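Residues per chain, in single letters:
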Amino acid sequence: MSFSKWIGASLGWSFGGPIGAIIGLALGSIVDAMTSNNTSTQNRQSRTTYRTQPRQRPQTQSGDFEVSLLVLASVVIKADGKQDQRELDFVRQQFLNMYGKERANNAFKLFKNISKQNISVRPVCLQIKQMMDHPSRLQLIHFLFGIAKADGFVTQKEVNQIYTIAGYLGISSRDYESIKAMFYNSSDNAYKILEIDKSATNDAIKKAYRKMAKKYHPDKVIHLGEEHQKGAEEKFRQVQMAYEQLQKERGF
C-alpha cells in the first residue's frame, strides 16, 4: 500500500482538530519530498480537511489510534529533553512488531516528521479523550509505557510525562497505577495491577480479578484490529498472572 493510500484510508476523526494540524505539518514535509503529482494532490486536499473540527464517530478506527500513538509517543521519547537514534530505533521496532514492515515504514515516516514539532500535550489529549473510547485510551497508556521501557528502563521524566498524558486522557489514578505496575517488579505489583490494597480479603481479590479481567479483555479493543489486540492480550495476561501470584501466596 502506497503512503498516500495508507494515510487516506486509515484516518477518520484524527484528520481534524489539533491532531490534524500536527499531521498536516508532518505530511507537508513528506509531500514536499515526493515527486508524484497524484500523491501531492491527494495530500493537499487532505490538509484542508485538517482545519475542520473532529467529527463524532461510534468507534475509534485503527488509523486514528495509530496516529494518536505516534503523536503521544513523540512526546514521551522527548520527555528527558533529548532524542537520539537509539530511541528512534526502539520506536521503529515497536511499529514493526505491531504493524509489519510496510505499514511500519509508513508510520515511521510520519512519526519522524511529527517528532520534529513542539507539541502541546493538553489539546491533543483532550481531542483523544473526546473521540476515543475508554478501553482504547487504556491501551494507549499501555503502549506508551512499552515504548518508554523499550531501552530497558523508564526514566522518572518519562513516568511524569505519561502520568500527565493519562490525566488529560481521563484515565483514573488507579487505572494508571495498574498499567504502570505491569512494567515494574515489586512486591506489591500484583495488588496494584488488580487495583486493590494489600489488606484486601481473598473474596475481594477474586472480585477484583473478575472486574479487571473484564476491563482488560482483548475484545474491548477488537475494533482496533489484530495488531492492537496483541497489546490488549498482554494486559490481560498480566492480570491473570497477578491473580495467580496472589492465589499462590495466600493459598486459596
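In the annotation of an unreviewed UniProt entry, the chain is listed under the name TerB family tellurite resistance protein and assigned to Gelatiniphilus marinus.

K.L.:
Sorry if this is basic, but what is going on with the overall build of the chain here?
P.N.:
The secondary structure content of the chain amounts to 13 helices and 0 strands. Mapped in sequence order, the helices and strands of the chain form the string α-α-α-α-α-α-α-α-α-α-α-α-α. Sequence separation of 24 or more characterises 75% of the internal contacts of the chain that already satisfy a separation of 6 or more. Counting every atom, the chain has about 12100 Å² of accessible surface; 48% of that belongs to carbon and sulfur.

K.L.:
What should I look at first to understand the nonpolar core in this one?
P.N.:
Across soluble globular proteins, you tend to see nonpolar side chains buried next to one another. If you look at the biggest cluster of nonpolar residues, it comprises 74 residues, and the most contacted ones within it are F95, I141 and I165. The dominant element in this core, judged by the number of residues it contributes, is helix α4 (residues 62–76), at 9 residues.

K.L.:
Sorry, what's going on with the packing of aromatic side chains here?
P.N.:
Two numbers describe a pair of aromatic rings. These are the distance of the centres and the angle of the planes. Per the counting criterion, the structure on display carries 9 aromatic pairs. Taking 5.9 Å as the distance between ring centres and 65° as the angle between the ring planes, the aromatic pair formed by F65 and F143 counts as edge-to-face. Here F143 lies in helix α8 (residues 134–148) and F65 lies in helix α4, a separation of 78 residues in the sequence. In terms of burial, F65 and F143 fall into one category: buried. Ring geometry for Y163 versus Y176: centroids 5.0 Å apart, planes at 75°, classification edge-to-face. With Y163 in helix α9 (residues 156–168) and Y176 in helix α10 (residues 173–181), the pair connects residues that are 13 residues apart, well separated along the chain. Following the ring pairs from residue to residue traces out a cluster consisting of F145, Y163, Y176 and F183. One Lys or Arg, K180, reaches over the ring of Y184 and ends 5.8 Å from the middle of that ring.

K.L.:
In this structure, what is going on with a positive patch on the surface? I would like to understand it.
P.N.:
A contiguous patch of positive charge on the surface is contributed by R174, K206, K207, R210 and K211. With 4 residues, helix α12 (residues 202–215) is the single largest residue contributor to the positive patch. Topologically, K207 is positioned in helix α12.

K.L.:
I keep staring at the pattern of salt bridges and nothing clicks. Help me out?
P.N.:
Side chains that carry opposite charge are capable of pairing whenever their charged atoms lie near each other. Inspection of every chain in the model, using the stated rule, returns 5 salt bridges. A salt bridge links R103 to E66; its shortest N-O distance comes to 2.3 Å. Taken together, the residues span a long stretch of sequence, with R103 in helix α6 (residues 101–114) and E66 in helix α4 at a distance of 37 residues. Its relative accessible area of 1% is what places E66 among the buried residues.

K.L.:
It is not clear to me how the side chain of S74 should be interpreted in this structure. Could you clarify?
P.N.:
Along the chain, S74 turns up in helix α4. Of note is the side chain of S74, whose polar atom sits 2.6 Å from the backbone oxygen of V71. Excluding residues within four positions of it along the chain, S74 makes contact with F111, I114, S115 and I119.

K.L.:
Help me understand the packing of α9 against α10 in this model?
P.N.:
Taken N-terminus to C-terminus, the directions of α9 and α10 make an angle of 140°; their axes are 10 Å apart at the nearest point. With respect to their mutual orientation, α9 and α10 come out oblique. The handedness of the crossing between α9 and α10 comes out as right-handed. Contact with α9, carried on its side by V159, I162, Y163 and A166, involves S173, Y176 and K180 of α10 and no other residues of that element. Within the contact of α9 with α10, the residues separate by chemical class into 5 nonpolar, 1 polar and 1 charged.

K.L.:
Looking at this structure, I do not really get the packing of helix α5 (residues 85–99) against α6. What am I missing?
P.N.:
Packing of α5 against α6 brings their axes to within 8 Å, and their N-to-C directions diverge by 145°. Relative to α6, the crossing made by α5 is right-handed. Judged by residue contacts, L88, V91, R92, F95, L96 and Y99 of α5 engage K101, R103, A104, N105, A107, F108 and F111 from α6. In terms of residue class, the contact of α5 with α6 is built from 9 nonpolar, 1 polar and 3 charged.

K.L.:
Would you take a moment to explain the environment of Q238 for this structure?
P.N.:
With respect to the element layout, Q238 can be found in helix α13 (residues 226–250). A relative accessible area of 16% means that Q238 is categorised as buried. The spatial distance from the C-alpha of Q238 to the C-alpha of F183 is 9.8 Å, given a sequence separation of 55 residues. The residues touching Q238, leaving out its near neighbours within four places in the chain, are M182 and I193.

Rules used throughout
Residues numbered from 1 in each chain as written. Predicted model: local features only at pLDDT ≥ 70, side-chain atom pairs only at ≥ 80, totals over all residues. Heavy atoms only, no water. Helix = DSSP H or I, 4+ residues; strand = E, 2+ residues; numbered from the N terminus. Contact = heavy atoms within 4.5 Å. Areas by Shrake-Rupley, 256 points an atom, 1.4 Å probe, with all protein chains shown as cover. Core = buried A, V, L, I, M, F, W, Y, C linked by side-chain atoms within 4.5 Å. Buried < 20%, exposed > 50% of the residue type's maximum accessible area, 1.4 Å probe, protein only. Phe/Tyr/Trp six-rings, centres within 6.5 Å; stacked < 30°, edge-to-face > 60°. Lys NZ or Arg CZ within 6 Å of the ring centre and 35° of its normal. Patch = residues over 30% accessible without salt bridge, like charges linked within 9 Å, V, L, I, M, F, W, Y side chains within 5 Å. Salt bridge = Lys/Arg side-chain N within 4 Å of Asp/Glu carboxyl O. Lys, Arg positive; Asp, Glu negative; His and termini not counted. Charge placed at Lys NZ, Arg CZ, Asp CG, Glu CD. Polar contact = N/O pair within 3.5 Å; in protein donor to acceptor, adjacent residues only side chain to side chain. Axes fitted to C-alpha atoms, helices over the stretch in contact; angles between N-to-C directions. Parallel < 35°, antiparallel > 145°, perpendicular 65-115°, else oblique. Left-handed = near helix turned anticlockwise from the far one by under 90°. Nonpolar A, V, L, I, M, F, W, Y, C, P; charged D, E, K, R; others polar.

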